[in-house]
Amino acid sequence: MKQKFNAFDVLLYTLMILILLAVIYPLWFIIIASVSEPSLTNTGQVLLLPKGFTVAGYAMALKEQSIWTGYLNSIVYTALYTCIGLVLILPAAYGLSQRDLKLKKPLMGIFMVTMFFGGGLIPTYLLIKGLGMLNTLWALVLPGSVSVYNMIVARTFFATTIPYEIQEAAKIDGCNDYTTFLRIVLPLSKAIVAVLALWYAVGMWNSYFNALVYISSESKYPLQLVLREILFRNEQLASSFDGDPKSYEELYRTSQLLRYVVMIVASVPMLMAYPFVQKFFVKGVMIGSVKG
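Calculation notes
Think of each chain on its own: its residues are numbered from 1, step by step along the sequence as written. The model is predicted, so local features are restricted to residues of pLDDT at least 70 and side-chain atom pairs to those at 80 or more, both for listing and for counting; the totals for chains, interfaces and linings are taken over all residues. By convention in this description, side-chain values take in all heavy atoms of the structure and omit both hydrogens and water. By definition, any uninterrupted DSSP run of H or I lasting at least four residues is a helix, any uninterrupted run of E lasting at least two residues is a strand, and each is numbered from the N terminus. Partly exposed residues are those whose accessible area sits between 20% and 50% of the maximum for their type, while under 20% is buried and over 50% is exposed, using a 1.4 Å probe and protein chains only. Contact definition: two residues touch when any of their heavy atoms are within 4.5 Å. Taken from the helix axis, the directions to the C-beta atoms give the arc we talk about. Definitions used throughout: a 1 Å grid over protein atoms alone; a cavity as a set of points that fits a 1.4 Å probe which cannot get out; a pocket as an open set with protein on both sides within 12 Å along at least five of seven lines; a lining residue as one with an atom within 4 Å of a point. Grid points are joined across faces, edges and corners, and a volume is the space filled by probe spheres set on the points. Side-chain classes are defined by residue name, with Ala, Val, Leu, Ile, Met, Phe, Trp, Tyr, Cys and Pro counting as nonpolar, Asp, Glu, Lys and Arg as charged, and the others, Gly among them, as polar. In this description, a line fitted to the C-alpha atoms serves as the axis of each element, helices being fitted only across the stretch in contact, and the angle between N-to-C directions of two axes falls anywhere from 0 to 180 degrees. Each angle gets one of four labels, with under 35 degrees taken as roughly parallel, over 145 as roughly antiparallel, 65 to 115 as roughly perpendicular, and the rest as oblique. In this scheme, a crossing is called left-handed if the near helix is turned counterclockwise away from the far one by less than a right angle; it is called right-handed if the turn is clockwise. Residues enter a nonpolar core if they are buried and are Ala, Val, Leu, Ile, Met, Phe, Trp, Tyr or Cys, with the set joined through side-chain atoms within 4.5 Å. Expected helix span is computed as 1.5 Å times (number of residues minus one). Salt bridge, as used here: a side-chain nitrogen of Lys or Arg that lies within 4 Å of a carboxyl oxygen of Asp or Glu.

A.B. asks: Got a minute to help me understand the overall build of the chain in this structure?
C.D. replies: Regarding its fold elements, the chain presents 14 helices and zero strands. Scanning the chain from its N terminus toward the C terminus, one meets helices and strands in the order α-α-α-α-α-α-α-α-α-α-α-α-α-α. Put simply, the chain has 292 residues, and 34% of those count as buried. For the chain, restricting intrachain contacts to residue pairs at least 6 apart in sequence, the fraction spanning at least 24 positions comes to 73%.

A.B. asks: Looking at this structure, how should I read helix H9 (residues 164-172)?
C.D. replies: Structural remark: α-helix, 3.6 residues per turn; residues separated by three or four positions point the same way. Buried residues of H9: Tyr-164, Gln-167 and Ala-170, and no others. Take H9 and look down its axis: the buried residues cluster within an arc of 120 degrees, on one side only. Structural note: H9 exposes Glu-165 and Ile-172 on the side pointing more than 90 degrees away from its buried face. Looking one or two residues past H9, Gly-174 carries a phi angle of roughly 110 degrees, positive in sign.

A.B. asks: Sorry if this is basic, but what is going on with empty space enclosed by the protein here?
C.D. replies: A water-sized probe, rolled over the atoms, reveals where empty space remains. With the rule as written, the count across this model stands at one cavity of 30 Å³ or more. The volume enclosed by the largest cavity comes to roughly 30 Å³. Surrounding the largest cavity, Ser-74, Tyr-77, Met-204, Trp-205, Ser-207, Pro-222 and Gln-224 form its lining. Elements supplying a minimum of two residues to the lining of the largest cavity: helix H4 (65-96) and helix H11 (190-205). Residue composition of the lining of the largest cavity, by class: four nonpolar, three polar and no charged.

A.B. asks: How do you make sense of the layout of surface pockets when you look at a structure like this?
C.D. replies: Its boundaries defined by the atoms lining it, the largest pocket holds a volume of some 510 Å³. Lining the largest pocket are 18 residues; nearest its centre among them are Thr-114, Pro-143, Gly-144, Ser-145 and Val-146. For the lining of the largest pocket, the secondary structure elements donating two or more residues are H4 and helix H12 (209-214). Here the lining of the largest pocket is built from residues that sort into eight nonpolar, ten polar and no charged.

A.B. asks: Would you explain the packing of H9 against helix H10 (residues 177-185) in this entry?
C.D. replies: Each pair of packed helices can be summarised by the angle the axes make with each other and by the distance between the axes. Where H9 meets H10, the closest approach of the two axes is 10 Å, and the angle between their N-to-C directions is 125 degrees. Between H9 and H10, the angle is such that the two are oblique. For the pair H9 and H10, the crossing hand works out as right-handed. Note on element contacts: H10 touches H9 through Asp-177, Thr-180, Ile-184 and Val-185, opposite Ile-166, Gln-167, Ala-170 and Lys-171. Each residue belonging to the contact of H9 with H10 can be placed in one class, and the counts come to four nonpolar, two polar and two charged.

A.B. asks: Looking at this model, I keep getting lost on the nonpolar core. Mind explaining?
C.D. replies: A general tendency of soluble globular proteins is for nonpolar side chains to be buried together. Counting residues in hydrophobic clusters, the biggest one holds 45 residues, and the most contacted among them are Ile-67, Leu-90, Phe-158, Leu-196 and Leu-227. Per-element tally for this core: the top contributor is H4, with eleven residues. When neighbours within four sequence positions are excluded, Leu-90 is seen to be in contact with Ala-154, Phe-158, Phe-181, Leu-186, Val-193 and Leu-196.

A.B. asks: How should helix H8 (residues 148-161) be read in this particular structure?
C.D. replies: Here H8 spans 19 Å end to end across 14 residues, near enough to the 20 Å set by a 1.5 Å rise per residue. All of the buried residues in H8 are Val-148, Asn-150, Met-151, Ile-152, Ala-154, Phe-157 and Phe-158. Buried-residue contacts for H8 involve H4, helix H5 (104-116), H9, H10 and H11.

A.B. asks: Looking at this structure, I do not really get the pattern of salt bridges. What am I missing?
C.D. replies: It is possible for side chains bearing opposite charge to pair when their charged atoms get close. Taken as a whole and judged by the stated rule, the model has two salt bridges. The residue Lys-171 makes a salt bridge to Asp-177 at a minimum N-O spacing of 3.2 Å. Across the pair Glu-229 and Arg-228 runs a salt bridge whose closest N-O atoms are separated by 3.2 Å. Taking the relative accessible area as the measure of exposure, Glu-229 reaches 30% and is therefore partly exposed. Take Arg-228: its relative accessible area is 25%, and that puts it in the partly exposed class.

Structure (structure tokens):
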């Protein structure tokens, strides 16, 4: 039977298409601008397709050895930060989701306080310095690894999605809390684990402020900070250049291209990883569903 569309359906689909275009077009514009002549981009002549095709920006970016070092550092930082965060918050969320946990409300209150109050930048810096973590990867992956918001999301998932009867049945069969969590709850929670892993990974991958404060060695810079330094260096070089006009024009052209290239270089890994994570969303929901 053919589906009939009414006026509301037409309006809804039209609205969804407009929202989709509003999300996709900025990404598409960055791509075409990164391979277009900057003079044409700056004058508004690049709208849907690249004009004056050039890969000079990519060639200059890929020549930078620091970019590859930054990629490796960011991958290591992101993987460690994500693993540490999940290892810390998932058991805590499982414990707080238990109905018979004593002092549940006071514990949640203590966790909630940390969401609204913090020591500030200077006390945090002094603490990390006192712990000897300055200019080390631990200064990036340990602070903030316990996200109370993520823990609350996981606790809510455990409490509302995982049937408590399954956990009770596991305990009747002889499982303790650790076994129940590892062999019963976690396999049924792949959806929320994937979501939290993505949140952690994206947060660390896009972060640069902590590295700017705590990391002093350029060899330990994450990708975002490396790209920031490259962009600033080329813009300053272009603005202070007083040599041949043709050389200045080429330098300015390349610095303009780099603005878009660095966005793509920084975004591609997360965009490539998302489809692989998405399949776990669907799979996790199906595994965790209660079948009648």
